[in-house]
Amino acid sequence: MATQLSSRLFHKIKQGGTRWFYSYNRCIVSDKQSLSKHLKREVHDIEQVSSQCPSPWMLQAGVCLIRLPLIEEDLSEFQKRYISLKEQMEYENSILNEWELEKIKQTQLMNDIESGKRDASEMDFKVSKQDYEDDYNQAFKEFTESTTELDLNDADFKNINRRPKDYLVLISKQKLGNDTVWMLPTEEWKEEENLRQSAERALTSHCGTLVDASFVSNAPSGFYKYKFPKNARTDAYVGAKLFIYNAFVPRVSETQSTATFNLDIDLNKMLDYAWVAKDEMRNFLKPKYSKAIDEIIF
Amino acid sequence: MALKKVFFSLPVCSSRWISTSCSRSAGFQGSKANIPLEMKLRMIERKKRRVEKLSKQPLAFIPITDFFIPYSWKMDKRARSKLEISEEEEDKRVLLEKEWARKTFRSRKQESWKIKLLLRHQQRALEELRQESEKLYNAALQCEDLSIPFTCRGPVQSTPLEGYLPPLGGYEHTDPLFSKDDLSLPEV
């Protein structure tokens, strides 16, 4: 089912010197048919042209391996105020429970005994509920959390458990031509393969086969197009189209609050790796590249 | 000549004629008033037998449901003494509630915007893929081999302690499903 959003978008594509314009309604698509309904006319033209001259873009599949946050974010001041207000209101609108009823009875009984209205033999308790409460409050004041929490080193980029409140992405340093570049683990698409399979291959070839990652869909989550530097350009390829696939580091058990990352590096492919949060990506990656990834992570 | 009283039949359609004693299932009024003693005794016995039958079965437990308040809780002696809230305090509370409404609306909007962005990026990637090759595009739209249902545990509240090994396994709920409290008669 396609649902239409409100505005139209005009998109400009440069292909082999000629310019192609097309417009499409932005809609949330889940099957082939509804997309083809909008693009059918234009796609025919493109296909005819592409069969005549093959596309100058190399197809690549990249993996955006995301480590989800391990620890909740702190409550803001406002949230704390609101929570305390709600607790206060719940207390005010509540009725007395059995403990409190008993307590009231007992205090009444003790007052009556003191004033002489009732006999001392009617006391059916040795320790009153009020005394218990006093004890509990005293114990609470004396209690100190004497436990030391794990010091998760935020500065070590290779530690998967760094910055437990943020979304982290794995990036690796690879050779591109003569330079070493920080980018997502990518692999060129081979024939007889889906793009998703080439993305999975990218992950295993860079990080080894022991890595746990769950890919969510067969469709790519993001897209980035770049041109090779002029030395690296061949007759066949002007640049590359990178299709990014989202994968998540799984955390399945309730009690596990740290993630594990079993690496088996192939040092020819991956010279270095880092787990990087959104604000740190600019230090490693080009701005457009980091923007492309930024908006794919939630 | 004496004037005769003539009753004029008013033009009333039969469907609007309402009579309270003409209900079909009502039976005869006062049908149970004058019954011979024997029949009365028989009826009473029948009722007794039915009650005995029901009382022999064990009482059915009522499942614990939070939204049914036990009758005993509505008695006055359970009421908390009301705190007096000054006007300023009330104003503060109301303003806080309004601010909270504004903030949640805003955060909801941001979340839905993020989701829209994600979908938009996926859309664009699919379109670009389509331009490259139809075959790969079709393969990308396949619904097999997906990790559905996708399960993922959410974040924890605090960092793990040093050298702490959590116990293995999940949680088993041992709360009783049924309560006996609701069956007690109201205290008078």
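Please read these numbers as outputs of a predicted model, since none were measured by experiment.

### Topic: the interface of chain B and chain A
So, point 1. On the side of chain A, 72 residues touch chain B, which itself brings 59 residues to the contact.
So, point 2. Between chain B and chain A, a total of about 6600 Å² is buried, with carbon and sulfur atoms accounting for 59% of that surface.
So, point 3. Counting every contact that joins chain B to chain A gives six salt bridges.
So, point 4. In this structure, lysine 86 of chain A engages glutamate 97 of chain B in a salt bridge whose closest nitrogen and oxygen atoms are separated by 3.4 Å.
So, point 5. There are 17 residue pairs in polar contact (both at pLDDT 80 or more) connecting chain B and chain A.
So, point 6. The element contributing the most residues to the side of chain B that touches chain A is helix 2 (residues 87-132) of chain B, with 25 residues.
So, point 7. The class makeup of the residues in the side of chain B that touches chain A is 28 nonpolar, 11 polar and 20 charged.

### Thoughts on a negative patch on the surface
So, point 1. Together, Glu87, Glu88, Glu90 and Asp91 of chain B give the surface a local cluster of negative charge.
So, point 2. As for its position among the elements, glutamate 90 of chain B is in helix 2.

### Focus on the UniProt feature "coiled-coil region" (unreviewed entry) in chain B
So, point 1. Under the UniProt annotation, "coiled-coil region" (unreviewed entry) lies at residues 119-146 of chain B.
So, point 2. In residues 119-146 of chain B, the share of helix is 75% and the share of strand is 0%. The end C-alpha atoms are 17 Å apart.

### Some points on the environment of tryptophan 99 of chain A
Residue and element names in this part refer to chain A.
So, point 1. Within the secondary structure layout, tryptophan 99 lies in helix 3 (residues 98-115).
So, point 2. Separated by 30 residues in sequence, tryptophan 99 and lysine 129 place their C-alpha atoms 7.5 Å apart.
So, point 3. Each residue touching tryptophan 99, except ones within four places of it in the same chain, is listed here: Lys129, Tyr132, Glu133 and Tyr136.

Procedures and definitions
- Residues numbered from 1 in each chain as written.
- Chains lettered and ligands numbered in written order.
- Predicted model: local features only at pLDDT ≥ 70, side-chain atom pairs only at ≥ 80, totals over all residues.
- Heavy atoms only, no water.
- Contact = heavy atoms within 4.5 Å.
- Buried area = accessible area lost by both parts, 1.4 Å probe.
- Salt bridge = Lys/Arg side-chain N within 4 Å of Asp/Glu carboxyl O.
- Polar contact = N/O pair within 3.5 Å; in protein donor to acceptor, adjacent residues only side chain to side chain.
- Helix = DSSP H or I, 4+ residues; strand = E, 2+ residues; numbered from the N terminus.
- Nonpolar A, V, L, I, M, F, W, Y, C, P; charged D, E, K, R; others polar.
- Patch = residues over 30% accessible without salt bridge, like charges linked within 9 Å, V, L, I, M, F, W, Y side chains within 5 Å.
- Areas by Shrake-Rupley, 256 points an atom, 1.4 Å probe, with all protein chains shown as cover.
- Lys, Arg positive; Asp, Glu negative; His and termini not counted.
- Charge placed at Lys NZ, Arg CZ, Asp CG, Glu CD.
- UniProt positions renumbered as here; feature names shortened; annotations may be inferred.

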